[in-house]
Each structure stands twice: as C-alpha cells, then as structure tokens.
Amino acid sequence: MTKPKVAIYDFTDCEGCEVKLVSLRERLLLLENKIDIVNWRLGQERFDAGPYDVTIIEGTPITDYEVDLLKDLRKNSKVLIALGACAALAGVPGIMPEKDRKFWYEKIYTAQYRPRGVDAVPLSAYVPIDFAIHGCPVDEDEVVKAMEELLSGKTPTYSGNSTCFDCKQAGNKCRIRDEEKPCLGPITQAGCKAICVTGGSPCYGCFGIRKEANISALIKKLKTITDEKTIERYLTMFHSRTKEVNDGKK
Amino acid sequence: MITNEFIAKIEGHGNLKIDWSKNSVNLGVHEGERLFEGILVGRSAEEAHWITPRICGVCPIAHNLASVRATEDAYGIKVNETTKLLRDLMVCGQMIQSHVLHLFFLVLPDYVGIDRGTELNQKDPKSFAKALALKKMGDEIAYTIAGRNVHPTTTTLGGFHKLPTKEDLKNLLAELEKNKETATWVPQLFSKFDYPDLKVELQLAALVGDSISVDSSTDKNQKREMFPAKDYKKNIEEELRDYSTAKFGKLKGREMLVGSLARLAIGGETEGYKLDFANPFHNNLAQAVEIFKYHKQAVEIVNKLLNMEMDASIASPTAVAEGGEYRGIGYVEAPRGGLYHEIHLDSSGTIVYANIITPTVQNLTSIEKSAQQMINNTMGMSQKDRERLLNMLVRAYDPCITCSVH
C-alpha cells in the first residue's frame, strides 16, 4: 500500500506547533513510518508540488501570498487540517483589527513602508477545512490522536467535553467557583489537560469553542466576578475572530 | 502556484535574492507582519508575558522572561532569590531546547548527507537516540519550571504562580544526570565537522549582566566596548529594507553578530574547543558547546534549589508612576542573542507603548554581509554549489525570521 502523501505548511506564526511535532520524538518516527512527508519547509529540502492526501497548515494567512497559497493547497489536498490556534482561530495575531493595521504599520515601520499583511484571520475565512487540531500550542497527544484517526480512514472528532472536565481530572480548584477568577474553561473544548490552569494561568479558550457552548451564560456569570473590560480581554485573546464568541457577546 | 521559494530548515520565511550577473545579494524576509507592538497596546500588564511568547515558539521562554522583566522594571518589582534561580534554570532549558532543535534537525543534515533530521535514525540510530534524549531533557526543564515545553504557564510578575516541588526537582536532576555524557558528546561531535572557510569582520555583541559588551570578530586590538543594556535603543538602530518585512539592525552603524558565537567570544569560556569567531559557520560549534555549558549550569541550579528553602512569595510593586506612566525595559540572552522588551503602562496598568528588538533583527545585516563575502570568495564555483553554501551559511546563523518580523 502506498503511504498517504502529507504536506506540512506554516503561514505567519510562531512555529511553536511545529516545535510540538518535533517534541513527539519517538512518536514522530512512528508516525513517519505510516506517511510520506513530501513537503515540510521547516524540516526538509524535499519538495513535491502536489497533489497531497493530507495537508497540515500551521499559522495565520496574513499576506496575499499566503491567501493565494492557501487556496491552491485546498485545491490540491484531499484533507486539509488546521494545526493550532493561529490556523484554526486566527489566535493572538487576530487581536489586531484590520482597520487598525494601517495605523500600526506607520507607527512600527514608517508611512513609506509597503505592507504585505492584509488581515489576520483563520484558514476557514478563505477555504473550508476538514478538521482543526486546536491549541496554543497544540498538545502532542491530540496531534497523535487526530493523525491516527485520519490514517485509519476516519474523520477525527472532538470528545464533546469542556476544559472543566480536564481541570477536574488535573485536580485543580475551580477558578470561577473557588477562586472567583475569570475563566473560559466552561465554553472550551477539552484536550489540553488544563495545562494553563494547572500552571496558575488563566484559560483563554485556545482549544476552540465547544459545540453547544452557552457563551452568553458564561459572560453573565463572569460579570458577577469581574468587570466588562476584563471579560473582553479574555474573550479576545484567542477569539477576536470567532463568530460564536462575537455573537455571544451581543 | 505551489512553489518552494523559501530557504528550507530555518525558522520562518526568508530567501537570498542573488543577482549572479553582479554577484550581489539581498536577504529577503517575507513573513507576514503580526504587529505585536500594536497588539500589546490596550492589553493589561499581566497579559504582556502571555502574549509575547507567541512571537516565537522556538524561544517562547526568552520572550516570556524579557517581558516579565520589562514590566517588573516598570513597577519596581524586585524578585527573590528562588525566582531568580528558577528563571535562570528556565533559560538553561530554553537554550538546550532551541540549540538541540537547530543543531540536530536543521544543521546536522548539511554535514552528514541527509535531508530531514529524522533520517539520522536510519543512518546513525545511536546518535539520533542521543539527540532525542537531549530534546526530552530540554523539554523536561521547561515542563518542570515553566509548566509547558512551549509557551510558559507558571510565570507571573514578581515570581511564579506555582513552584516545582522538591520531588519534581529530584526527578529533573535525575533526568539531567542521565544525560551528562550525552551533553559532553555534542560539542565533540560538532567539532569534527569540516566547516566552510569564511572570515567576516563583524561586531560581536552579548549581554553580560546589565551591559552589552562588544568585541570585533577580526581586530584583536579593538578595545571592548560596553554600554548599559537599558540604552539598547540608542545603540541598536533598526533600518527598513524594501525587500523585507523585518527591520535590519545595526550596532552604531556597523554589522553585528549576536548569539552563541558572540556569547562565547565575549564570555571567553569555550570549554577547550577552538572556535573561529570570525567565521559564522562556527556558530554551530558554539551552540554545541553551549549545550554542554547550560546542562552543567542546570545541574548546579537544581542542586542549589534542592539544598535551600524555596520562597514562594511573589514580590510587590514599589514604583511610583512618573507623569502618570510606568516605564520599564527587560532583557535576556535568548538562544539567538540579546532580546530587548520595553513597556510603558498607564496608571491603571494598561499598556500604552511596547517596543521589542529581537536577536535575529540584529543578525540580519550580518547574514547579508556574510553572504556577500561568501559570494566574493567563491567566484570559481558552480552556481549550484554556491547556492548550497549560501543556504548553509544562513542556517548556521539559526535565524528566527518569525521573531525578526513579530
């Protein structure tokens, strides 16, 4: 049987999710036995112009070049996977509103600077994607799980649990109930092992919004423990461009 | 069109634009602008060190610490000894993680005749197993102290949300001791490679304490210059190039080199290895030596922590706002060199200004100069061989294009 041809691409981003791929270590070798990585600029010179069975894209399409490439990759890929928050949600780069870009180009560069960036949006703003492996960064186990499901011919799925489920398993106190601190755990998909809350940091929902999440109910609850400005900061860390979140605020 | 126009095996999207008729070269940088210095404005003090690690997934700890220090400087927060040690240990982990990734997955293929780093597993499984063991060790330091291997979760202004337990530290010490021989082996391995010849006149710059120290790569008579790290903006100028989304840095108008090679030139301890500080290819040997050095330092710090009472207290602000603002500068030697974060906050703790100068910004002009030198030196060679050497040269610098654009 021929191995599926896999291409790994990075658009504008921190490349931390690709670092996570390397952090799979021995498991990356096992995965490599089952696939043929024909394109991976960060990892190899070998380059194959497609078509591909699976294309994994990390990062946000910010420049025109990236937007065009994304459309071509979609046409040339049977399955298109978003890897990490930048690809799946626009993530931290999505905090910058399109209308403010001009101001910041002038401020950070100069008025003479010729910008390449258009706007920081998720892949799904331009093309349909088949699955998103969420996280900022992604979790190694979630990558392996999604890849194994794909390789066995299934469409990967989410557990349906919220981050609260992971948090209980990790033995953490509840930020909202026990500590009266804001948290997006209740509306966020499980899979991260509640690693940020375990380390003492907030949950900003980088694992994506859980299906059937009651966003407006969470916002109502958060209003009883903090001010609106803080709630807005939480909701915009990774979800400035997430429609359900923007609708939930209304 | 699906094409491969960027240099493979470097962080981010860049390429050398060479005019072979004129033998001239530009280093093109094509990463999209995320505008982090704008993203930060309007966010809160506690969010800066959460947001800035997302500039770079290869050196997130460095951004996290530079950012924390900038805000602590603004607020007059003085951290305790435990915090200082834990942060130094995070830096050790960061250096090992980044250098191992770069040396074994991006550089080594150039010298042993493979393409993807994992192919070493067929060619030399013993060496590859060692590389993976070191990768694991670097990640373990980060997990134990920073909470995660990529993007820290435990750090906060004034200290840590959560300290490792003594049990955690004992496990980490066991992991470090298990890899002692392997850490010693890395520079031995990288000292055997036949690095291409190149001699470039550059200003080698590294942070020593609170000063930036500068030596010439070629002129032994040039007196070492030193200036306060807080004057970073006065001394490191950034220029725009129409072929780059990153700015190009210069040190008082001259091309500079930062990172492992500069650190060893300035620090002087090369652990008995002979390094040519005028040859940027030797940056890779310097990185290998640093894996050994930071491993040793990590062991020392963990032992110190195990033998002391750890202080979990979080230091409080002492500064008074000047003219309604708090202003601070934070810096750290990141894997690729000096990293500077500056932050201004209003009286309510909202960020009103941010400035970041990354190591790769400082190296871009030097990469271009070295590439030009390489072109001048290789006139008799085939274009293909020259292109291969030039790509190797760019890789030797370990540029982080992602950081440079931010």
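What counts, and where the lines are drawn
Residues numbered from 1 in each chain as written. Chains lettered and ligands numbered in written order. Predicted model: local features only at pLDDT ≥ 70, side-chain atom pairs only at ≥ 80, totals over all residues. Heavy atoms only, no water. Helix = DSSP H or I, 4+ residues; strand = E, 2+ residues; numbered from the N terminus. Rg over C-alpha atoms; globule rule 2.2 N^0.38 Å. Buried < 20%, exposed > 50% of the residue type's maximum accessible area, 1.4 Å probe, protein only. Contact = heavy atoms within 4.5 Å. Areas by Shrake-Rupley, 256 points an atom, 1.4 Å probe, with all protein chains shown as cover. Lys, Arg positive; Asp, Glu negative; His and termini not counted. Charge placed at Lys NZ, Arg CZ, Asp CG, Glu CD. Core = buried A, V, L, I, M, F, W, Y, C linked by side-chain atoms within 4.5 Å. Domains from an automatic or database assignment. Buried area = accessible area lost by both parts, 1.4 Å probe. Salt bridge = Lys/Arg side-chain N within 4 Å of Asp/Glu carboxyl O. Polar contact = N/O pair within 3.5 Å; in protein donor to acceptor, adjacent residues only side chain to side chain. Nonpolar A, V, L, I, M, F, W, Y, C, P; charged D, E, K, R; others polar. Pairing = 2+ DSSP bridges. 1 Å grid on protein atoms, 1.4 Å probe; cavity = no way out; pocket = protein on both sides within 12 Å on 5 of 7 lines; lining within 4 Å. Points joined across faces, edges and corners; volume = space filled by probe spheres on them. Right-handed = clockwise from strand over helix to strand, strands pointing away. Axes fitted to C-alpha atoms, helices over the stretch in contact; angles between N-to-C directions.

Asks: Any chance you could explain the overall build of chain A here in plain terms?
Replies: What chain A contains, in helices and strands, is 12 helices and five strands. Over its C-alpha atoms chain A spans a radius of gyration of 19 Å, differing by no more than 12% from the 18 Å that the globule rule assigns to 250 residues. Taking the principal axes of its C-alpha atoms as reference, chain A extends roughly 55 × 50 × 25 Å. Per-residue burial for chain A yields a buried fraction of 60% across its 250 residues. Counting contacts in chain A only where the partners sit at least 6 residues apart, residues at least 24 apart contribute 75% of the total. About 10700 Å² of surface is accessible on chain A, with carbon and sulfur atoms providing 53% of the total. Of the side chains in chain A, 37 bear a positive and 36 a negative charge, and the two mean positions are spaced by 4 Å.

Asks: What is the right way to look at the overall build of chain B in this model?
Replies: Along the backbone of chain B there are 14 helices and 13 strands. Projected onto its principal axes, the C-alpha positions of chain B cover 65 × 50 × 50 Å. A separation of at least 24 residues holds for 70% of the contacts in chain B among residues at least 6 apart in sequence. Here chain B has roughly 14200 Å² of accessible surface; of this, 48% comes from carbon and sulfur atoms. One way to put it: in chain B the 47 positive side-chain charges average out to a point 3 Å from where the 52 negative ones average out.

Asks: So what exactly am I meant to see when it comes to the nonpolar core here?
Replies: Soluble globular proteins tend to bury their nonpolar side chains together. Counting residues in each nonpolar core, the largest one holds 203 residues, and the members touching the most others are Phe-238 of chain A together with Leu-89, Phe-104, Ile-145, Val-186, Phe-190 and Phe-281 of chain B. In terms of residue count, helix H4 (residues 81-112) of chain B provides more of this core than any other element does, 17 residues in total. Two domains each put at least three residues into this core: domain 1 (5-151) and domain 2 (163-248) of chain A. Beyond its immediate sequence surroundings of up to four residues, Leu-89 of chain B is in contact with Ile-141, Ile-145, Leu-172, Ala-298, Ile-301, Val-302 and Leu-305 of chain B. If you look at the next biggest cluster of nonpolar residues, it comprises 16 residues, including Ala-205, Leu-207, Tyr-331 and Val-361 of chain B.

Asks: I would appreciate a short explanation of the domain arrangement of chain A in the present structure.
Replies: By convention, interface size is frequently given as the accessible area that disappears when the constituent parts associate. Residue and element names in this part refer to chain A. Entries for chain A in the domain assignment read domain 1 (5-151) and domain 2 (163-248). The interface of domain 1 with domain 2 comprises 21 residues on the first partner and 14 residues on the second. In total, domain 1 and domain 2 occlude about 1200 Å² of area from one another, counting both sides; carbon and sulfur atoms represent 55% of this. In this structure, the salt-bridge partner of Arg-241 is Asp-119, at a minimum N-O distance of 2.9 Å. One can count seven residue pairs in polar contact (both at pLDDT 80 or more) joining domain 1 with domain 2. Breaking the side of domain 1 that touches domain 2 down by element, the ones donating at least two residues are helix H4 (85-89) and helix H6 (140-151). Of the residues contributing to the side of domain 1 that touches domain 2, the split by class is 12 nonpolar, four polar and five charged.

Asks: Would you take a moment to explain the interface of chain B and chain A for this structure?
Replies: Tallying the contact residues gives 68 residues for chain B and 66 residues for chain A. Of the roughly 5800 Å² buried between chain B and chain A on both sides combined, carbon and sulfur atoms contribute 59%. When the area that chain B buries against chain A is broken down by residue, the three leading residues are Ile-2, Glu-33 and Arg-116 of chain B, summing to 14%. Here chain B is connected to chain A by three salt bridges. One can count 36 residue pairs in polar contact (both at pLDDT 80 or more) joining chain B with chain A. Looking at the side of chain B that touches chain A, the elements that each hand over two or more residues are helix H1 (36-39), helix H2 (45-51), H4, helix H6 (125-146) and helix H14 (401-405) of chain B. Its residues assigned to classes, the side of chain B that touches chain A shows 25 nonpolar, 23 polar and 20 charged.

Asks: Help me understand the environment of Pro-109 of chain B in this model?
Replies: Looking at the secondary structure, you find Pro-109 of chain B in helix H4. Once residues within four sequence positions are removed from consideration, Pro-109 of chain B is found in contact with Lys-9, Phe-104, Ile-114, Asp-115 and Gly-117 of chain B.

Asks: Help me understand the pairing of strand E2 (residues 24-29) of chain B, please; the structure alone is not making it clear to me.
Replies: Residues and elements named next belong to chain B. The pairing of strand E1 (residues 14-19) with E2 spans six bridges and is classified as antiparallel. The residue of E2 that forms the bridge with Ile-18 is Val-25. Remark: four residues form the turn of the hairpin made by E1 and E2, two consecutive strands paired antiparallel; Asn-23 in that turn has positive phi of roughly 55°.

Asks: Looking at this structure, how should I read the layout of surface pockets?
Replies: Space left empty within the atom packing is revealed by a probe, the size of a water molecule, rolled over the atoms. Its boundaries defined by the atoms lining it, the largest pocket holds a volume of some 1200 Å³. In terms of lining residues, the largest pocket is bounded by 35 residues, among which Arg-69, Asp-88, Gly-209, Tyr-331 and Val-332 of chain B are the most central. Of all the secondary structure elements, the ones that give two or more residues to the lining of the largest pocket are helix H3 (60-75), H4, strand E5 (203-208), helix H10 (260-267), helix H11 (283-306) and strand E11 (325-334) of chain B. Looking at the lining of the largest pocket element by element, the count peaks at six residues for H11 of chain B. For the lining of the largest pocket, the per-class residue count stands at 13 nonpolar, five polar and 17 charged. Taken as a whole, the second largest pocket spans an internal volume of roughly 500 Å³. Lining the second largest pocket are 28 residues; nearest its centre among them are Arg-41 of chain A together with Asn-4, Glu-5, Phe-6 and Ile-7 of chain B. Where the lining of the second largest pocket is concerned, the elements lending two or more residues are strand E1 (5-10), strand E2 (36-40) and helix H3 (64-75) of chain A together with E1 and helix H13 (383-396) of chain B.

Asks: Would you take a moment to explain the pairing of strand E4 (residues 77-83) of chain A for this structure?
Replies: Regular strands have side chains that alternate between both faces of the sheet. All names here are of chain A. A large share of E4 lies buried, amounting to five of its seven residues. Both strand E3 (residues 52-58) and E4 contribute to a ladder of six bridges, which runs parallel. Opposite Ile-56, over in E4, you have Ile-81 as the bridge partner. A crossover links E3 with its parallel partner E4, the connecting element being H3, and its sense is right-handed. As judged from the three bridges shared by E4 and strand E5 (residues 131-133), these two strands associate in the parallel manner. Note that in E5 the partner of Leu-83 across the bridge is Ile-133.

Asks: Would you mind showing me how to read the sheet that holds E4 of chain A here?
Replies: Paired through their backbone hydrogen bonds, the strands of a sheet run either parallel or antiparallel. All names here are of chain A. With parallel pairing, the five strands of this open sheet are ordered in space as E2-E1-E3-E4-E5. In this open sheet, the two strands that pair with only one neighbour each are E2 and E5. The sheet shows a mean angle of 25° between the axes of neighbouring strands, direction not considered. By the bridge criterion, five bridges tie E1 to E3 in an arrangement that is parallel. When the bridges of E3 are listed, Ala-7 appears paired with Thr-55. Packing of H6 onto the sheet brings it into contact with E3, E4 and E5, and relative to E5 it is tilted by some 155°.

Asks: Sorry if this is basic, but what is going on with the pattern of salt bridges here?
Replies: Any two side chains of opposite charge can pair if their charged atoms end up close together. Residues and elements named next belong to chain A. Applying the stated criterion across every chain yields a total of 48 salt bridges over all chains. A salt bridge links Glu-232 to Lys-249; its shortest N-O distance comes to 3.4 Å. Pair noted here: Glu-232 is in helix H11 (residues 228-237) and Lys-249 is in the segment after helix H12 (243-248), with a separation of 17 residues, a long-range link. Residues participating in the shared-partner salt-bridge network are Arg-27, Asp-139, Asp-141 and Lys-193.

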